[in-house]
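Structural characterization, general
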Amino acid sequence: MDLSIRNIEYCKGVGAKRADILRKELGVKSALDMLYQFPYKYIDRSRFYFIHEIEDDDTYVQLIGHITEWHTIGIGNAQRLSATFTDGRHTIELVWFKGVKYVKLERNVQYLLFGKPSRFNHQYNFVHPELTPMSKVQPELMQGLEPHYNTTEPMKRAGLNSKALRTIIAHLIPELQQQGMVDTLGMDLVQRYHLMRLSEALCNIHFPKDTPTMQKARERLKFEELFYIQLQILRQMKRREQNVGFSMPIVGKSFHSFYQNCLPFPLTNAQKRVVREIQTDIKSGKQMNRLLQGDVGSGKTIVALLTALLAVDNGYQACIMAPTEILANQHYETIQQLLSPLTSSPHHLIASSPKIALLTGSTTAKQRQPIHEQLRSGEINILIGTHALLEDTVQFANLGLCIIDEQHRFGVAQRAKLWNKNTQPPHILVMTATPIPRTLAMTVYGDLQVSIIDELPPGRKPVHTLHYSIQRRASINQFIAQQIDMGRQVYVVYPLINENEKLDLHDLTNGYNQLCETFPEYRISMVHGQMKAKDKDEQMQRFVAGETQILVATTVIEVGVNVPNASVMIIENAERFGLSQLHQLRGRVGRGAEQSYCILLTRVEMSKETRQRMDIMVATNDGFRIAEADLQLRGPGDLEGTQQSGLPFELHIASLSTDGQLLEVARQAAMEVLDADPLLEQSHNRIYKQRLDYLRIAAGNWGEIS
Ligand code: ADP
Ligand code: MG
C-alpha cells in the first residue's frame with residue numbers, strides 16, 4: 001500500500017500504543033511521516049580510531065584492541081570496575097559504575113569498542129563502553145553511517161528510543177526501494193537543479209552508504225522544504241498583488257511645501273531612493289505592502305512623514321503606530337516640530353500644515369472625544385499613536401495609509417486590524433530598526449517588498465564600544481563625571497526581562513541609589529515599565545530637556561528615544577541582553593556631533609557565548625553584520641524580531657543560518673513556477689498544489705498582513 005496513506009500503527013514494530021505516542025510526540029500519522037523524521041546525527045561505523053586520535057568528548061568512536069588489565073574498587077553498590085584498553089600503541093581507561101558483576105572481560109581477545117569518550121582529570125576515558133569480541137561482530141554493523149534520532153521522554157518510556165526508531169524506519173526502506181514514491185518535485189526541477197529523486201533521498205537520509213551520498217540526500221530534502229515555503233510565501237505575494245489599492249498619484253502642496261521649505265537637512269541618497277520606491281507603489285493602483293529596514297538612526301521618521309504627506313495630498317488620512325507611549329509621544333513632537341514652519345508661514349503659496357493628533361493609552365476620555373469626531377469628519381489628517389488607535393471606536397473618514405514603526409513589536413492580529421479601518425485595505429508601510437538577515441527577510445517577510453536605508457546621515461561619528469568587567473566601576477564613574485562635566489548626558493540601562501520581576505526592579509533601584517550617592521551633584525531620572533505613564537513621561541521629559549544628566553532605565557528606552565546630547569550608553573549586566581537588543585540600545589547614542597561611547601558591563605566570569613557577543617559588539621557597528629552573527633549564534637527561533645511573531649513555519653532539515661544559498665535557489669525555482677502558472681492550475685503543477693494543501697504551511701492567519 002502507498003506509504004503516504006499507510007497508518008503508522010500498522011507498520012512493523014509499532015502497534016496501537018506506540019502509534020499513539022508517535023502521533024502525540026512527533027505528529028507522525030503515516031509511514032511517510034515517519035520517513036520524514038530525519039536523523040539529527042550519524043555515527044560513522046566504518047571508521048576506526050586510534051586512541052591518540054581522540055580529541056573531543058562529544059562524538060561516538062570505535063576502536064579495536066584488547067584489555068591488558070582490570071580491577072574492581074569498592075564494594076556492593078559503590079563497586080567500580082576499571083580496565084585498561086590498548087590499541088597496540090596507547091592505552092585508555094574503561095570504567096563501569098553499574099552492573100559491574102555482569103561485565104565479563106577476557107585477556108587475549110580482540111574487542112570492538114564503541115562509545116563516547118569523556119574527559120576526567122585531563123585524560124580521556126570511556127564510561128560504560130560497548131565491548132564486542134571481534135569474532136561476534138556482525139559485519140553490516142561496521143558499514144556506513146548509523147542514523148540517530150531525536151526522541152522525547154514519553155517516547156523513551158515506551159521504548160521508542162533512537163534505536164527503536166531506526167528499526168521501524170529500516171523496515172520501511174525495502175518497500176520504499178521497490179515501490180518508489182511519487183516525487184514531490186517535478187522532473188524538470190529535479191533535473192535542472194541536479195537533485196536526488198525523493199525515494200532515493202529518503203533511503204539515503206536514513207541509511208547512507210557514505211557521507212557524500214548523505215549530503216546529496218540532505219540537500220534534496222532541504223531544497224524541497226525551502227521550495228515549498230517559498231512557494232507558499234510567493235503565492236501569497238502574488239495574490240496580494242491583486243489587491244486593489246488606493247491610487248495616490250498626486251505629489252501635491254503639502255509634500256512640495258514641506259520638501260522645499262521645511263526639510264531640516266538634505267535627505268541621504270538612501271532616503272530619497274526609498275521615498276521614490278514608496279511613491280511608485282502607492283500610485284500603482286495596487287495595495288502597497290512594504291517593509292522599510294534601516295538601522296537605528298538611519299532616519300526612517302522623515303520617510304514616514306513624507307509618505308504620510310503624500311497620502312494627505314491625495315485626500316486620504318494616514319496613521320503612524322508605535323509600540324510604546326514614549327515613542328508615540330516622540331513621533332508626535334518630532335513631526336509637529338518638522339511641520340511647524342508650514343503652520344506659521346503667512347506665505348499663501350505654502351500649504352497650511354496638515355492637522356495631526358496623538359492618541360495613546362493616556363489620552364483621557366475628554367481629550368478623545370474631539371479626536372474621534374475629527375477623525376470621522378476627516379479634519380485630522382495624520383493620527384499618531386500606540387495600539388490605542390486600533391480600538392474599534394477609532395474610525396476614520398478615509399484612511400489610506402498605515403505606517404507601523406518597530407513592526408516586530410506588534411502581533412499579527414493587531415496589525416490585521418488596521419486593514420479593516422477602511423472599505424478597502426490601506427497601504428501598509430512597516431518599519432524596523434532590527435536588521436534582519438537576508439535569509440530571514442526572505443522567509444518571515446518574504447511576501448513583502450523590501451526597502452533598505454543603508455546609509456547613515458552624514459557627519460555621524462561611529463559609536464565607540466568598550467567592554468569592561470564591573471570591577472572597573474570606579475574608572476567608569478570617573479568617565480561618567482568627565483562626560484557630564486563636558487555638558488553631555490548619560491544613559492544607564494538595566495535588563496528587565498520580565499516587567500513583573502521584583503528582582504530586576506531591585507537591581508535597577510539599587511543602581512539608581514548608588515548613582516545618587518556617587519554623584520550627589522548631578523540630577524538623575526529613572527524610568528521603568530512599572531511606573532505610571534505620566535511619571536514615566538515626566539522623568540523622560542526632564543532628561544530630554546537636559547534637566548537631568550543621567551537617565552537610569554530599563555529597556556523601555558530601547559526603541560526610538562532621541563536625545564542627541566546623550567553621548568554615553570552604559571549597559572549593566574550586558575550578558576543578559578541579546579545582540580540585536582544591545583545594538584538597539586547603542587543606537588540611542590551617537591546621534592549628535594560629539595563622539596559617543598557604549599560601555600558594556602559584565603561580570604569577569606562569563607560564558608563563551610557571552611564573550612562572543614561582546615566581541616562582536618566591540619568589533620562592529622553594522623546592524624546587518626550583527627544580525628547575521630545573532631542568527632549564527634542563536635538560531636532563527638530566538639532572534640529578536642521573530643520572537644513575538646514567530647516563524648510562520650517549522651524547519652525540519654534546512655537552516656536559515658547555514659542554507660542561505662540553497663534558499664535563494666529554491667526561491668528562484670518557486671518564483672519561476674509561479675510566474676508561469678500563478679494559480680498552479682496546469683496539470684504538471686498539480687503536485688505542488690496538492691503538496692501545499694498537505695503541508696498546510698499557511699497556518700492560521702499568517703500572511704493576512706506582516
Ligand atoms: P530611526 O531610523 O532610528 O527612526 P530617526 O528618524 O529617529 O532614525 O533619525 C535619527 C536622527 O537623524 C534624527 O535626529 C533625525 O533628525 C536625523 N536625521 C534623519 N535624516 C537625516 C539626514 N538626512 N541628515 C541629517 N540628519 C538626519
Ligand atoms: Mg525610529
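Rules and cut-offs
- Residues numbered from 1 in each chain as written.
- Chains lettered and ligands numbered in written order.
- Predicted model: local features only at pLDDT ≥ 70, side-chain atom pairs only at ≥ 80, totals over all residues.
- Heavy atoms only, no water.
- Helix = DSSP H or I, 4+ residues; strand = E, 2+ residues; numbered from the N terminus.
- Near = heavy atom within 4 Å.
- Polar contact = N/O pair within 3.5 Å; in protein donor to acceptor, adjacent residues only side chain to side chain.
- Nonpolar A, V, L, I, M, F, W, Y, C, P; charged D, E, K, R; others polar.
- Phe/Tyr/Trp six-rings, centres within 6.5 Å; stacked < 30°, edge-to-face > 60°.
- Buried < 20%, exposed > 50% of the residue type's maximum accessible area, 1.4 Å probe, protein only.
- Lys NZ or Arg CZ within 6 Å of the ring centre and 35° of its normal.
- Axes fitted to C-alpha atoms, helices over the stretch in contact; angles between N-to-C directions.
- Parallel < 35°, antiparallel > 145°, perpendicular 65-115°, else oblique.
- Contact = heavy atoms within 4.5 Å.
- Salt bridge = Lys/Arg side-chain N within 4 Å of Asp/Glu carboxyl O.
- Lys, Arg positive; Asp, Glu negative; His and termini not counted.
- Pairing = 2+ DSSP bridges.
- Domains from an automatic or database assignment.
- Expected span 1.5 Å × (residues − 1).

1. Let's talk about unusual backbone geometry
Here the phi dihedral of H194 falls at roughly 50 degrees; this positive angle occurs in a residue that is not glycine. Structurally, the position occupied by H194 is in the loop between α5 (187-192) and α6 (198-206). Even without being a glycine, L680 presents a positive backbone phi close to 55 degrees. With respect to the helices and strands, the residue L680 is situated in the loop between α21 (660-676) and α22 (686-695).

2. Looking at the site of ligand 1
Neighbouring ligand 1 are 16 residues; Q271, G297, K300, T301 and R460 lie closest to it. In this structure, Q271 approaches ligand 1 through a side-chain N or O atom, which is 2.9 Å from a nitrogen atom. By residue class, the composition of the shell around ligand 1 is five nonpolar, seven polar and four charged.

3. Quick look at the packing of aromatic side chains
Overall, the coordinates contain 12 aromatic pairs when judged by the stated rule. Look at F246 and Y316: their rings are 5.0 Å apart centre to centre, the planes differ by 40 degrees, and that puts the pair in the tilted class. Note that F246 is positioned in the loop between α7 (211-241) and α8 (253-262) and Y316 in the loop between α10 (300-313) and β11 (317-321), a separation of 70 residues in sequence. Each of the two residues, F246 as well as Y316, counts as buried. Where F479 meets Y597, the ring centres are 5.0 Å apart and the plane angle is 85 degrees; that geometry is what we call edge-to-face. Separated by 118 residues along the polypeptide, F479 in helix α15 (residues 473-485) and Y597 in strand β22 (residues 597-602) bring together distant segments of the chain. Here F479 matches Y597 in class, with each residue buried. Through a chain of ring-to-ring contacts, the aromatic side chains of Y193, F223, F227, Y228 and Y688 assemble into a single cluster. Over the face of the ring belonging to F50 we find R89, whose NZ or CZ atom lies 4.5 Å from the ring centre.

4. A look at the packing of α7 against α22
Viewed as axis vectors pointing N to C, α7 and α22 meet at an angle of 90 degrees, and their least axial separation amounts to 11 Å. Taken together, the axes of α7 and α22 lie roughly perpendicular to each other. Residue-level inspection shows E224, F227, Y228, L231, Q232 and R235 of α7 in contact with α22, the latter providing I687, Y688, K689, R691, L692 and L695.

5. A word on the pattern of salt bridges
Under the definition given, this model contains 25 salt bridges. Here D454 makes a salt bridge to R273, at a shortest N to O gap of 3.8 Å. A residue pair is termed long-range when its members are at least 10 positions apart, and D454 in the loop between β16 (449-453) and β17 (464-469) and R273 in helix α9 (residues 269-282) qualify at 181 residues. Among the charged side chains, a salt-bridge network with shared partners connects D183, R197, R220, E224 and R691.

6. Some remarks on the side chain of D295
Tracing the chain through its elements places D295 in the loop between β10 (289-294) and α10. We note that D295 is buried and unpaired, the nearest opposite charge coming from K300 at a distance of 7.0 Å. Filtering out sequence-adjacent residues up to four positions away, D295 remains in contact with K300, A433, P435, I453, H583, N621, D622 and G623.

7. Things to note about the pairing of strand β12 (residues 356-359)
Strand direction decides the pairing type here: β12 and strand β13 (residues 382-385), joined by four bridges, are parallel. Among the inter-strand pairings, A357 is bridged to a residue of β13, identified as L383.

8. A few points about the domain arrangement of the protein chain
Domains assigned within the protein chain are domain 1 (47-142), domain 2 (253-282 + 299-432) and domain 3 (464-620). Between the C-alpha centres of domain 2 and domain 3 the distance comes to 31 Å.

9. Points about α7
For α7, which comprises 31 residues, the first-to-last C-alpha distance of 44 Å matches the rise-based estimate of 45 Å (1.5 Å per residue) to within 8%. Of all 31 residues in α7, 22 are buried, a share of seventy percent or more.

10. Quick notes on the sheet that holds strand β18 (residues 489-493)
Strand pairing in a sheet takes place through backbone hydrogen bonds and is either antiparallel or parallel in direction. If you trace the six strands from one edge of the open sheet to the other, you get β17-β22-β21-β18-β20-β19, paired in parallel fashion. Edge strands, defined here as strands with exactly one partner in the open sheet, are β17 and β19 (524-527). Between one strand and the next, the sheet's axes are offset by a mean angle of 20 degrees, whatever the strand orientation. Here β17 pairs with β22 via six bridges, running parallel. Across the sheet, the residue bridging to S469 is T602, located in β22. Of the strands in this sheet, β17, β18, β21 (566-571) and β22 are in contact with helix α18 (residues 579-586), which crosses β21 at around 155 degrees. Against the sheet, helix α19 (residues 608-619) makes contact with β17 and β22, and its axis sits at roughly 150 degrees relative to β17, the strand it touches most.

11. Details of the environment of F258
Following the sequence through the fold, F258 ends up in helix α8. Judged by its relative accessible area of 0%, F258 falls in the buried class. Taking C-alpha positions, F258 is 20 Å from G400, a pair spaced 142 residues apart along the chain. When neighbours within four sequence positions are excluded, F258 is seen to be in contact with L263, I302, L305, L306, L309, L338, L339 and L342.

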